Each structure stands twice: as structure tokens, then as C-alpha cells.
Amino acid sequence: MKPLGVGLIGTGYMGKCHALAWNAVKTVFGDVERPRLVHLAEANPDLARSRASEFGFEKWTADWHELIADPEIDVVSVTTPNQFHAPMAIAALEAGKHVWCEKPMAPTFADAERMLAAAKASGKAAIMGYNYIQNPVMRHIKTLLSEGAIGTVNHVRVEMDEDFMADPEVFFYWKSEIAAGYGALDDFAVHPLSLLWFLFGHVEAVINDMVKPYADRPLKEGGRRAVENHDGANVLMRLGGGISGVLMANRAAWGRKGRIALQIYGSQGSILYDQERMNEFELYQAGGRDTEAGFRRVLAAPAHAPYDRFIPAPGHGLGFNDLKIIECREVIRAISGEPSSAIDFTDGLRIERTVHAMARSFSERRWVEVEG
Ligand SMILES: NC(=O)c1ccc[n+]([C@@H]2O[C@H](COP(=O)([O-])OP(=O)(O)OC[C@H]3O[C@@H](n4cnc5c(N)ncnc54)[C@H](O)[C@@H]3O)[C@@H](O)[C@H]2O)c1
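Predicted model, so just to flag it, every value in this text is computed and none were measured.

Draft legend 1. Inspection of the overall build of the protein chain at higher detail. Broken down by element type, the protein chain carries 9 helices and 17 strands. What you see for the protein chain is a C-alpha radius of gyration of 21 Å, in line with the 21 Å of a compact globule of 372 residues. By its C-alpha atoms, the protein chain is 65 × 50 × 40 Å across when sized along the principal axes. Every one of the 372 residues in the protein chain was classed for burial, and the buried ones make up 55%. Restricting the contact set of the protein chain to residue pairs at least 6 apart, pairs at least 24 apart contribute 68%. Between the mean site of the 40 positive side-chain charges and the mean site of the 48 negative ones, the protein chain shows a separation of 2 Å.

Written as C-alpha cells, this is what we have:
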């Protein structure tokens, strides 16, 4: 079979993660053809040249349209800032390529809808970069919930916090532009929503308050520019099955480096997880002796598939980039028409719908049902 021809647009934080994943997926999983890294696009030509060499791509360009037109490419990784996802993903799908696009889909709901329409019209795989659902620990939490290990779930809390915008003197960049979206919602809340989707299905209704801790930020070239979106959001939610939920997101939380803290409470126990300790979870099961009642800390191990594909030893741990490798395997599954656990544009749009419902709730100061 012809190897899958890969194109990569953007070579920043996520571009490197996708490149690592495409390079490693065959080594880790074995049961796939080794992809061929064909063409890389990066706005800055010098960077494009050097990154193509570092990442292992055969060709490079500073014009992403050239990459889309390349007949040797079967799948395009879109890892550019949010406002470019729609034009790039739609062009790739219209050119008959599969797409693996970073989150969120797009800053506007209309663009996200156009992305889904293009995916449906093309019949190609269109997958979102929701890597956190791919953690073997998260997959095991889902299994525990389906086995009833903590009974019937009635309450869920999830908090996503980082501190890369905590310093008021951090330079203004694209993440503070309204063109990139609402801020805490489409930059952060989408990740917790992907976990909630994975574990419980979609959110039904929301009420949301948002915060903008700093009115402006310095510009590299001097002066200051007004911050155009919100760095924090506090949301109450109603999920299916009578589950009540809380979601909090904050890009300006000093000391938090990569926190996605999930608390799940059921009629027979509780489960705790935090992405900052992504190789463990805590399980409390009611019914034992009061004298030993307490949370049990479980370390990630080969028994939590597909951890075993990386390392045969328990407790040694996977990292963030490994989640992208697992996601890459799921992208290849979707391309091959096999069942895939990755979030496609159809479920991705429902996450976008939820984010826009949160934004509407904030502006109208009321509960909003998530339609569709
Ligand atoms: N899945 C995750 O966990 C995760 C984490 C971080 C970021 N993201 C998402 O990934 C996307 C990129 O974020 P990032 O942090 O990697 O940004 P970044 O700024 O580090 O990288 C963006 C890259 O795109 C390039 N670029 C910009 N416009 C371009 C164009 N027209 N043509 C070609 N290249 C262009 C930039 O030069 C840069 O190399 C965002 O949508 C973000 O939300 C996802």
C-alpha cells in the first residue's frame, strides 16, 4: 500500500507535536504503514526551510496553498492560529485531503459549520486535536464509569488553568485578539468539554461568567494594546442523565502550568484526575471499612492500553507528546475507515456550539440551552 503522504501547516508549539507524532506513530504502534512526511508550510521562509529539515519533511513552502495543491499529500495537519483553521481545513478537504486540525475549529460558529459541511461533502476524515481524551488513564476512567465503579454519576467539576498569561506585562500576541476567539472559552474550555464529551456525552445547558484580569498588554514595538477577549470563565452546566457540572478556565492563574483537574462524584464513589499528574488517578469506592476509607492512587501501567505500546514497565509514565502519537494512530484509523476514538468535525461542532452558548450566556446574563 502507498504510504500516507503528510502535509503540515504551522511549525510552532503544535506543529512540532504533530511532526513528532507523524514521525513516531509507526515505531510505537507497528500496525500502520510508516507515513511519508512530504511537505511543510510555514509563513516565514527561513523557518520553513530549517523546520522541514528538523522535522524530516521532503519539501517546504512559505505559501500553504502550494502544499494543498501538492498531489503527493493525502492528509494535512493544520496547526496554525485559530483564525486560519477554517480556510486551511476547507481548502484541504475541497482538494480531497484528509484533515487533522488543532482546536478550536474556528472563532466563529459559521466558519465551524462551513468546516463540517466541507468534511461531509468530501467524505474525507476530518479530525480535531483533542489529545487529552487519548490518555490511557482517561480511557480507563471511562471504562470504570461504564462498569459502575463509582455508581451513578451525579456531579462533575473540571478546571483548566495555566499561567502563561498571568503576568500583566506579557506581550500582546494573537491569543488576545478577538479574531482568535473569546479567549478562555475557545482556547481552554474546549479541552475540558472534550473530556466531558468523552466520558458523559454533550453538555445540555450552561450559564457563564467571564473575567478579563488585565485591560491591556504591552506591544513588542512599544506602547500598549487593549486585550480583546477574556482570560477566565466560570460556567455552571447541566449534562445528560441529571449530572450537574462546573467548568472553570483561567489562562492567568499563577503557578498552574498545565492543570486540567477533573472531579467525578457518583452514588458509590469518586474519581479524581489532574493533567499535571497525567500518569495517575485517584479512586474512592464506598463500602469498605471506615478505618481505611480513603482515596487509592493508581499509577499508569501497561494494563491501561495503549500505554503498553510505549513502555512495558508500570509507573514510568507517558508525556504530552505521547498523547499526540496516540491521537495520530486514531487519525490513521479514521482515514482507513476503522472505528476511531478521535473527535471528528461532527462532535467538534457540538463542542463549538457549547462554547458559543457559553458566550451568549455571558452576554445575555442567563442560562442558555445548547441546541442541536
Ligand atoms: N491540542 C492542544 O493541546 C493545543 C495546545 C496548544 C495550542 N493548540 C492549538 O494549536 C494552534 C496553534 O497554536 P500554537 O501554540 O502551536 O501556536 P504557535 O504560535 O506556536 O504556532 C503557530 C505557527 O503557525 C505559523 N503560521 C501562522 N500563520 C501561518 C500561515 N498563514 N501559513 C503558515 N504558517 C503560519 C506561525 O508562524 C507559527 O509557526 C492553535 O489553534 C491552538 O489553539 C492546541
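Text resumes after the structure shown.
Draft legend 2. Geometry of the packing of helix α6 (residues 136–146) against helix α7 (residues 184–200). Interhelical geometry of α6 versus α7 gives an angle of 40° and a closest axis separation of 9 Å. With respect to each other, α6 and α7 are oriented oblique. Of the residues in α7, those in contact with M138, R139, I141, K142 and L145 of α6 are L195, F198, L199 and F200. Grouping the constituent residues of the contact of α6 with α7 by class yields 7 nonpolar, no polar and 2 charged.

Draft legend 3. Quick peek at the sheet that holds strand β7 (residues 153–161). One open sheet accounts for 9 strands, arranged β16-β15-β14-β13-β7-β12-β11-β8-β17; its pairing is mixed. Of all the strands in the sheet, just β16 (296–299) and β17 (368–369) have a single pairing partner and so form its edges. Pairing geometry for β7 and strand β12 (residues 244–250), over 7 bridges, is parallel. Bridging across to β12, V158 finds its partner in L247. The sheet strands contacting α6 are β7, β13 (259–266), β14 (269–274) and β15 (280–285), and the helix crosses β14 at an angle near 165°. Sitting on the sheet, α7 touches β7, β8 (203–211), β11 (232–239), β12 and β13, and the angle it makes with β7 is about 150°.

Draft legend 4. Structural context of the site of the ligand. Taken together, 26 residues are adjacent to the ligand, and E42, N82, E102, K103 and N131 come closest. Between the ligand and Y13 there is a distance of 3.1 Å, counted from an oxygen atom to a backbone nitrogen or oxygen. E102 is positioned with one of its side-chain polar atoms (N or O) 2.8 Å from a nitrogen atom of the ligand. Out of a free accessible area of 840 Å², the ligand has 84% covered by protein chains. Going through the elements one at a time, α1 (13–29), α4 (85–94) and α8 (320–335) are the ones with two or more residues in the shell around the ligand.

Draft legend 5. Region of interest: helix α9 (residues 345–364). Its 20 residues place the ends of α9 28 Å apart at the C-alpha level, agreeing with the 28 Å of an ideal helix rising 1.5 Å per residue. Across the 20 residues of α9, 14 count as buried, placing the element largely inside the fold. Its side-chain oxygen placed 3.1 Å from the backbone nitrogen of T346, D344 serves as the N-cap of α9. One or two residues past the end of α9 sits R365, with phi positive at roughly 55°.

Draft legend 6. Looking closely at the nonpolar core. Residues I141, F200, I264 and F345 are the most contacted members of the largest nonpolar core, which totals 88 residues. In terms of residue count, the dominant contributor to this core is α7 (12 residues). Formed jointly, this core draws a minimum of three residues from each of two domains, domain 1 (5–132) and domain 2 (135–314 + 344–369). For F200, the contacting residues outside a window of four places in its chain are L145, V153, V156, L239, I243 and I264. Grouped together as the second largest cluster of nonpolar side chains are 28 residues, V6, L8, L37 and I335 included.

Draft legend 7. Spatial organisation of the side chain of N131. Looking at the secondary structure, you find N131 in the loop between β6 (126–128) and α6. Within the structure, N131 has its side chain in polar contact with the side chain of K324 (distance 2.6 Å). Other than its neighbours up to four places away in sequence, N131 contacts H191, F320, L323, K324 and E327.

Draft legend 8. Main features of helix α2 (residues 45–55). Listed in full, the buried residues belonging to α2 are A48, A52 and F55. Seen end-on, α2 carries its buried residues on one side only, within an arc spanning 85°. Exposed positions of α2 whose direction lies more than 90 degrees from the buried face are D46, S53 and E54. The N-capping residue of α2, defined by a side-chain oxygen 2.9 Å from the backbone nitrogen of D46, is N44. Two residues or fewer past α2, G56 is found with a positive phi of approximately 90°.

Draft legend 9. Representation of the environment of Y182. Looking at the element boundaries, Y182 is found in the loop between β7 and α7. The spatial distance from the C-alpha of Y182 to the C-alpha of G123 is 30 Å, given a sequence separation of 59 residues. Residues within four places of Y182 in sequence aside, it is in contact with N229, H230, V355, H356 and A359. Engagement of the side chain of Y182 in a polar contact is seen with the side chain of H356, the distance being 2.8 Å.

Draft legend 10. Inspection of the sheet that holds strand β1 (residues 5–9) at higher detail. Ordered by their spatial adjacency, 6 strands build an open sheet running β3-β2-β1-β4-β5-β6, and the pairing between neighbours is parallel. At either margin of the open sheet sits one strand with a lone partner, and together these are β3 (59–61) and β6. Averaged over all pairs of adjacent strands, the angle between strand axes in this sheet comes to 20°, irrespective of strand direction. Relative to strand β2 (residues 36–41), β1 is paired through 5 bridges, and the arrangement is parallel. Of the residues in β2, the one forming a bridge with L8 is L40. Against the sheet, α1 touches β1, β2, β4 (75–78) and β5 (98–101), its axis set at about 165° to β1. Each of β5 and β6 touches α9; the most contacted strand, β6, lies at about 45° to it.

About the cut-offs
Residue positions are given per chain, counting from 1 as you read along its sequence in written order. Residue-level local features of this predicted model are given only where pLDDT is at least 70; pairs of side-chain atoms are given and counted only at 80 or more, and the full residue set underlies all totals for whole chains, interfaces and linings. Derived side-chain values reflect all non-hydrogen atoms in the structure, with water molecules and hydrogen atoms excluded from consideration. Helix numbering and strand numbering both begin at the N terminus, where a helix is a DSSP run of H or I of at least 4 residues and a strand a DSSP run of E of at least 2. In this description the radius of gyration comes from C-alpha coordinates, and the expected globular size is given by 2.2 Å times residues to the power 0.38. Relative accessible area decides the class of each residue, using a 1.4 Å probe on protein chains only: under 20% of the type maximum gives buried, over 50% gives exposed, and in between gives partly exposed. Residues count as neighbours in contact if any of their non-hydrogen atoms are within 4.5 Å of one another. His is not counted, nor are the chain ends; Lys and Arg add positive charge and Asp and Glu add negative charge. The location of each charge is read from NZ of Lys, CZ of Arg, CG of Asp or CD of Glu. Axes, fitted as lines to C-alpha atoms, cover a helix only where it is in contact. Angles between the N-to-C directions of the axes lie from 0 to 180 degrees. Small angles under 35 degrees read as roughly parallel and large ones over 145 as roughly antiparallel, with 65 to 115 read as roughly perpendicular and the rest as oblique. Three classes are used: nonpolar for Ala, Val, Leu, Ile, Met, Phe, Trp, Tyr, Cys and Pro, charged for Asp, Glu, Lys and Arg, and polar for all others, with Gly counted as polar. The pairing criterion for strands is at least two bridges between them, as found by DSSP. A single heavy atom is enough: if one lies within 4 Å of a molecule or strand, its residue is considered near that molecule or strand. Within 3.5 Å is the distance limit for a polar contact, defined as a pair of N or O atoms, with the added protein rule that one can donate a hydrogen and the other accept it, and that residues adjacent in sequence qualify only through two side-chain atoms. Computed with the Shrake-Rupley method and a 1.4 Å probe, the accessible areas treat only the protein chains shown as cover for residues. To estimate the expected span of a helix, count its residues, drop one, and scale the result by 1.5 Å. Among buried residues, the Ala, Val, Leu, Ile, Met, Phe, Trp, Tyr and Cys ones that are joined through side-chain atoms within 4.5 Å form a nonpolar core. An automatic or database domain assignment supplies the start and end points of every domain. As used here, the arc belongs to the directions running from the helix axis to the C-beta atoms.

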